[in-house]
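Structural features, examined
Listed below, chain by chain, are the residues.
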Amino acid sequence: MLTTSEIKTFIEQDAMSRKKQLAKEGMRYYEADHDIRQYRLFFVDSDGEVKEDKTRSNIKISHPFFTEIVDQATQYMLSGKDGFIRSDKPELQAELDAYFNDNEDFQAELYEVITGTQAKGFDYMYAFKGADGKTCFQAADSIGVVEVRAKETEDHCDYVIYSYVDRIGKNNKKINRIQVWDSVQTYFYCQEDNGIIVLDPSAEVNPRPHTMWKEDGSDATYYEGYGFIPFFRLDYCKKQFSALKPIKDLIDDYDLMSCGLSNNIQDANEVLYVVKGFQGDNLDELMTNIRTKKHIGVDDTGDVDIRTVNIPYQAREAKLALDEKNIYRFGMAFNSAQQGDGNITNIVIKSRYALLDLKCNKLEIRLQQFLRKLLQVVLKEINDDQGTDYQMKDVYFDFQREIMTNALDNAQIELIDAQKQQVLITTLLNCASLLDSATLIQNICDALDLDYNEIKDKIPDAKDEAIQALDILDRISNNRDDDLIG
């Protein structure tokens, strides 16, 4: 069992790690808090000292490309309408739908995990028992999760510390909730700001087993642990850095170019007055006359020339366009503002999704590994509750990512397919005299995308039809003979 001083030490050391610093930076950019917000201007005075220039414009605007890129990939990964955890066994599929596909709570938590994984490089989800006795899953902010091992070289975690800000109390002090998980139970603590960590008085049972329940008609309390720490981590890549790393410098450069252009416009937004032969005492009187009286007095040789400053914006515009193009290219995202030649066919649309598809294909591999760990918990629970023996091989993943399409192209494709189907069926009917009835019907079913095995028993056999036809002809012939004899 960890002591409170050890818990505080682990949390403080982990917060200062390089991995967590990069995770915080990625989350900061996801929340549109870029480095441009700390940008400052300096100059060297006549004495050679460096001082901050507070007279010039210093506009600080964050351009949240990273927010769009992360949300775009998350939405694209989960864009399928029929779920992505599938099974060919109807009974098992109904259970999986209840846990995953049709569970809005799980979908929302998975959305948070995929978003956090891209923004921070890795994120967590943990399992717990709900009020109905079924396992539920909830996202855990990776910045507040600390994996504790007896030896750093071991893969197995002895403890997982999960800390988060519960609320802001009086005098803007943070009230932190801290959970320490092991393979059997969870310990609950609380902390005010960075003060002493104490046991959480609001926890009724502390430590609390992973699962607690009471059976009907009994006051006894039963408990059970998962037998492992139910925290599951999803990594963006092997080194656990976020999707920000390849494009951070490009985003910073875009912010700098854009804000620099805004500063130039702000500093040069007023005209310059060149006055010759001014009949007055000082420049204040000159500016007062311009603003209020709209005229100034000059002598016979005097003149007033109004000049403006031309801002060299073309180079900045070109650099901004180049940065934007590279941000979407190296961020492997879909650029909705990209302009083409106006020929927006399905092929063109798919080509614009190529980089996003590539990134999501890589993410899908790690997501499947992550979901397999969740499935192990769920399948064990289903087997224990229902006495079944479902295996991991009974479940597969089917991510159907949807993209926008050209409606005209879709209609033309459907028309061509319908025409092709009609020609094929007509050809089969023309060859009916050369084929037996079973082969003919089977080929027609293939053309119409029907299951031949489901309807073959409903089709009368050709020999039976022939026998029936002969019987009818025989009865007709007998009737004619009887008429003749009569």
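Residue positions are counted from 1 within each chain, in the order its sequence is given. Two thresholds apply to this predicted model, a pLDDT of at least 70 for residue-level local features and 80 or more for giving and counting side-chain atom pairs, whereas whole-chain, interface and lining totals are computed over all residues. Derived side-chain values reflect all non-hydrogen atoms in the structure, with water molecules and hydrogen atoms excluded from consideration.

Details of a positive patch on the surface
So the rule is basically this: Each patch is built from residues lacking any salt bridge and having more than 30% relative accessible area; the joining distance is 9 Å for like charges and 5 Å for nonpolar side chains (Val, Leu, Ile, Met, Phe, Trp, Tyr). Every accessible area reported is derived by Shrake-Rupley at a probe size of 1.4 Å, with residue values counting cover from the shown protein chains alone. In what follows, salt bridge is the name for a side-chain nitrogen of Lys or Arg lying within 4 Å of a carboxyl oxygen of Asp or Glu. When charges are tallied, Lys and Arg are placed among the positive residues and Asp and Glu among the negative ones, while His and the ends of the chain are skipped. Positions of charges follow a simple convention, taking NZ of Lys, CZ of Arg, CG of Asp or CD of Glu. Helix and strand labels come from DSSP, where a helix needs a run of H or I of at least four residues and a strand needs a run of E of at least two; each type is numbered from the N terminus. Each residue is placed in one exposure class: buried if its accessible area under a 1.4 Å probe, protein chains only, is under 20% of its type's maximum, exposed if it is over 50%, and partly exposed if it falls in between.
A cluster of basic residues, Arg18, Lys238, Lys239 and Lys245, forms a positive patch at the surface. On the secondary structure map, Lys238 appears in the loop between strand E14 (231–235) and helix H6 (248–267). Take Lys238: its relative accessible area is 76%, and that puts it in the exposed class.

Section: helix H4 (residues 90–101)
Quick reminder: α-helices carry 3.6 residues per turn. Residues three or four places apart thus point the same way. Short version of the rule: In this scheme, a helix's expected span is set at 1.5 Å multiplied by one less than its residue total. In this analysis, two residues are considered to be in contact whenever any of their non-hydrogen atoms come within 4.5 Å of each other.
Along its 12 residues, H4 runs just 14 Å from first to last C-alpha, ending more than 12% under the 16 Å computed at 1.5 Å per residue. Within H4, burial applies to Leu92, Gln93, Glu95, Leu96, Asp97, Tyr99, Phe100 and Asn101. Each element contacted by the buried residues of H4 is listed here: strand E3 (85–86), helix H5 (104–120), strand E5 (135–140) and helix H10 (354–386).

Observations concerning helix H2 (residues 18–30)
With 13 residues, H2 ought to run about 18 Å at 1.5 Å a step, and its terminal C-alpha atoms sit 18 Å apart, in line with that. Listed in full, the buried residues belonging to H2 are Lys20, Ala23, Gly26, Tyr29 and Tyr30. Looking at the buried positions of H2, the neighbouring elements they touch are helix H1 (4–15), helix H3 (65–77), H5, strand E4 (122–129), strand E6 (145–148) and H6. Positive phi shows up at Ala32, right after H2, with a value of about 65°.

As for the nonpolar core
The test is simple: What we call a nonpolar core is a set of buried Ala, Val, Leu, Ile, Met, Phe, Trp, Tyr and Cys residues that are connected through their side-chain atoms within 4.5 Å.
Counting residues in hydrophobic clusters, the biggest one holds 60 residues, and the most contacted among them are Phe66, Phe100, Leu110, Phe137, Leu367, Phe370 and Leu371. Of the residues forming this core, the biggest block, 12 residues, is contributed by H10. Filtering out sequence-adjacent residues up to four positions away, Leu371 remains in contact with Phe84, Phe106, Phe397 and Phe399. In terms of nonpolar packing, the next biggest core, distinct from the first, is built from 12 residues, Tyr159, Ile161, Val180 and Ile197 among them.

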